[in-house]
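Observations on the model geometry
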Amino acid sequence: MTAGDTGDRTPGGSADISTRSGPAAALMPALTVTISLLGLCLLWSLAANAWPSRAFPGPEEVWQVLLREAASGDLFYHLGATLGRVAAAYLVAMIAGSVIGILLGSYRGADRFFNPWVILFLNIPALVIIVLAYIWFGLNEVAAIGAVAVNKIPNVVVTMREGARALDPRYAEMAAVYRFGPLDRVRHILLPQLQPYLAAASRSGIALIWKIVLVVELLGRSNGVGFQIYLYFQLFDVAAILAYTLAFVAVMLVVELLLVQPVERHATRWRRRPA
Amino acid sequence: MQPVGAAVPLRVDIAEKTFRSAQGVSVTALKNLSFEVRQGEFACLLGPSGCGKTTTLRILLGLDKQFSGSFQLPEVGSHRIAAVFQEPTLLPWRTVEQNVRLALPKDLRTKNLDGLFASLGLTGMRSLYPAELSLGLARRAALARAFATEPAVLFLDEPFVSLDGRTAEQLRRLLLAVWSARPTTALMVTHNLTEALTLSDRIIVLAPRPAHVLGIFDVSLPRQHRSPDATGDLLRSFHQTFPGVT
Ligand SMILES: Nc1ncnc2c1ncn2[C@@H]1O[C@H](COP(=O)(O)OP(=O)(O)OP(=O)(O)O)[C@@H](O)[C@H]1O
Ligand SMILES: [Mg+2]
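Nothing here was measured: the structure is a model prediction, and the numbers come from that model.

Attention shifts here to the site of ligand 1. Residues and elements named next belong to chain B. The immediate surroundings of ligand 1 are formed by 13 residues, with Ser49, Gly50, Lys53, Thr54 and Thr55 found nearest. Contact between ligand 1 and Glu158: an oxygen atom at 3.0 Å from a side-chain N or O atom of the residue. The fraction of the free accessible surface of ligand 1 (640 Å²) that becomes covered by protein chains is 63%. If you tally residues by element for the shell around ligand 1, the top one is helix H1 (residues 53-60), at 3 residues. A class-by-class count of the residues in the shell around ligand 1 yields 3 nonpolar, 7 polar and 3 charged.

With that settled, consider the sheet that holds strand E2 (residues 26-37) of chain B. Residues and elements named next belong to chain B. Taken together, the 3 strands give an open sheet; going across it, the order is E2-E1-E4, and neighbouring strands pair in antiparallel fashion. Edge strands, defined here as strands with exactly one partner in the open sheet, are E2 and strand E4 (68-72). For this sheet, the mean angle separating the axes of adjacent strands, direction not counted, is 15 degrees. Alignment of strand E1 (residues 10-20) against E4, held across 5 bridges, turns out to be antiparallel. The residue of E4 that forms the bridge with Asp13 is Ser70.

A separate point is the pairing of strand E7 (residues 185-190) of chain B. Put simply, side chains in a regular strand alternate between the two faces of the sheet. Residue and element names in this part refer to chain B. Counting buried positions over the 6 residues of E7 gives 6, a clear majority of the element. By the alternation rule, side chains of E7 split into Thr185, Leu187 and Val189 and Ala186, Met188 and Thr190, which are all buried. As paired elements, strand E3 (residues 42-46) and E7 share 5 bridges and run parallel to each other. Note on E7: the bridge partner recorded for Leu45 is Val189. The sheet contact formed by strand E6 (residues 153-157) and E7 spans 5 bridges and is parallel. Among the inter-strand pairings, Phe155 is bridged to a residue of E7, identified as Leu187. Once the chain exits E6 it traverses helix H5 (residues 165-181) before rejoining the sheet at E7, and the crossover so formed is right-handed.

Each partner contributes to the interface: chain A provides 20 residues, whereas chain B provides 27 residues. Put simply, chain A and chain B have 4 salt bridges between them. A salt bridge links Asp184 of chain A to Arg109 of chain B, with the shortest nitrogen-to-oxygen separation between them at 2.8 Å. Our enumeration of links across chain A and chain B arrives at 9 residue pairs in polar contact (both at pLDDT 80 or more). Every element with two or more residues in the side of chain A that touches chain B is listed here: helix H8 (169-177) and helix H9 (182-220) of chain A. Tallied by class, residues from the side of chain A that touches chain B come to 11 nonpolar, 2 polar and 7 charged.

Averaged over every residue, the pLDDT of chain A is 87; residues scoring 70 or more account for 89%. Of the regions scoring below 50 in pLDDT, residues 1-19 of chain A engages in 33 contacts with residues more than four places distant in sequence or in other chains.

A few words now on a nonpolar patch on the surface. Residue and element names in this part refer to chain A. On the surface, Leu127, Val128, Val131, Leu132, Ile135, Trp136, Phe137, Val215, Leu218, Leu219, Tyr230 and Phe233 cluster together into a nonpolar patch covering about 1100 Å² of accessible area. At the level of secondary structure, the elements contributing two or more residues to the nonpolar patch comprise helix H6 (126-137), H9 and helix H10 (225-234). Counting residues per element, the nonpolar patch draws most heavily on H6, at 7 residues. Turning to its location among the elements, Phe137 is positioned in helix H6. On the accessibility criterion, Phe137 (56% relative accessible area) is exposed.

All names here are of chain B. Within the fold, Ala230 resides in helix H7 (residues 228-241). Residue Ala230 is classed as buried on the basis of its relative accessible area of 15%. Taking the C-alpha atoms as reference points, Ala230 and Thr198, separated by 32 residues in sequence, lie 9.8 Å from one another. Each residue touching Ala230, except ones within four places of it in the same chain, is listed here: Leu221 and His225.

Attention now moves to the packing of helix H4 (residues 74-106) of chain A against H10 of chain A. All names here are of chain A. Across the interface, H4 lies against H10 with an axial gap of 7 Å and an inter-helix angle of 130 degrees. By the angle between their directions, the pair H4 and H10 is classed as oblique. Mapping the contact onto sequence places His78, Leu79 and Thr82 in H4 and Val225, Gly226, Phe227 and Gln228 in H10. Along the lines of polarity and charge, the residues of the contact of H4 with H10 split into 3 nonpolar, 4 polar and no charged.

All names here are of chain B. Spatial ordering of the open sheet is given by E5-E6-E7-E3-E8-E9, a layout of 6 strands whose pairing is mixed. Every interior strand has two partners, whereas the edge strands, strand E5 (81-84) and strand E9 (213-218), have only one. Averaged over all pairs of adjacent strands, the angle between strand axes in this sheet comes to 15 degrees, irrespective of strand direction.

Quick notes on the rules
Residues numbered from 1 in each chain as written. Chains lettered and ligands numbered in written order. Predicted model: local features only at pLDDT ≥ 70, side-chain atom pairs only at ≥ 80, totals over all residues. Heavy atoms only, no water. Near = heavy atom within 4 Å. Polar contact = N/O pair within 3.5 Å; in protein donor to acceptor, adjacent residues only side chain to side chain. Areas by Shrake-Rupley, 256 points an atom, 1.4 Å probe, with all protein chains shown as cover. Helix = DSSP H or I, 4+ residues; strand = E, 2+ residues; numbered from the N terminus. Nonpolar A, V, L, I, M, F, W, Y, C, P; charged D, E, K, R; others polar. Pairing = 2+ DSSP bridges. Axes fitted to C-alpha atoms, helices over the stretch in contact; angles between N-to-C directions. Buried < 20%, exposed > 50% of the residue type's maximum accessible area, 1.4 Å probe, protein only. Right-handed = clockwise from strand over helix to strand, strands pointing away. Contact = heavy atoms within 4.5 Å. Salt bridge = Lys/Arg side-chain N within 4 Å of Asp/Glu carboxyl O. pLDDT = per-residue confidence, 0-100. Patch = residues over 30% accessible without salt bridge, like charges linked within 9 Å, V, L, I, M, F, W, Y side chains within 5 Å. Parallel < 35°, antiparallel > 145°, perpendicular 65-115°, else oblique.

This is the structure:
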């Protein structure tokens, strides 16, 4: 999910298929990724040595800062604050966007009426929404999370609207004949059909959301990775900026590997065993 | 849940059902269609392809409310209806057993289904996903789902089409077996006369579109006596009553 714009960051992307075909096959992509990342570090180190500058620290220096920040506890405090905002904004955006998207996908008239709104919101720059949210609702947590969610909601709406249009009416009719309750309909009829769309919205969602969260923190919060980056920007401390960035990228990778992919594997288990 | 007392049969009285396409073309599928199915009776709706059989079932299932006329469902036992659709319509993301249990009302969700699965030859398939089943097995799972709910009335829409002859024959026998274990008012749609003669108590013969009842053919011979020879006799007598209907 953090791989919104750089496909290389997901070692699990290809491991997805190979985990089932033996440990050796599963190890290969992991090995490739490790070597690839080590190569990048080496290149970075060489470049930093070739052009020594405070504005371009090498990997060892960034590592030292990372250890220092971790030891003082600052790193985890700010990572935690950002992660909390990402999670909250993600939940709000997914729930609100899904509900709106499914409604628009199910009711043609509503869709025709509200489609211009969707397009409008899709095209409002993130920065404008953030600034307006802070002006209208004050420099507080609700405004911050709300602004991030509002930035993401139109994307979720568009994806989930596609999903709702693709719903198979035969399943709904079966559920009607057998008198499924509303909860069962959502759990066993609606969500499984929407799962690929939810997964797509989630993936592009988290990548976008965490980047916007940094901007929100930079503009109006007093903790979080974005706040720290702004602080070290004023101090011109590139090593610390990189340390926080890489730490957060690592956190998002772990979330992807330990949370998103297992959930997706579970949700699509019925597809894995063709007749 | 055995039927109790004098039961109200399934009574259908559809004055008209017309489809209107977006281009303004209208197709009258049903016109003055009325018939009854008696309590505990297995009836077949027999009619040529495209005459409006599925349309009739959809109305009775409550899936299509745009029609004029009325119908009445049996008011005994569970009040529930069950359907076996023209396609199995199992949820691909749930196992066979989950598919069956999900269709059950809350108080029956945990009931023992061993006997039902065994009688349909599905015992080893309970934990499979529908994509892992052949069409014949998927149809059996759809039958299991319908019978598990212990419905007051059961609707079947050509449940054996696009199966090879032997599989269809085997499924007909399975259907009869589970149905005989708990005779349920049933209405099955088919355009296969031999199938109707093997399975049903009475055949409701429909005219081509717009569908209305041409006549009723009662099959009074008990099912266990319907040998191939006897079915041949029934076939001849049917053709005498309804010349021109195949
Ligand atoms: N949604 C619809 N819109 C327009 N016309 C329809 C629609 N559904 C069915 N029809 C028409 O109504 C008529 C009856 O259709 P129906 O599906 O009930 O036939 P059937 O008897 O079940 O045929 P088959 O044996 O092929 O399944 C057909 O002429 C069909 O073209
Ligand atoms: Mg049909």
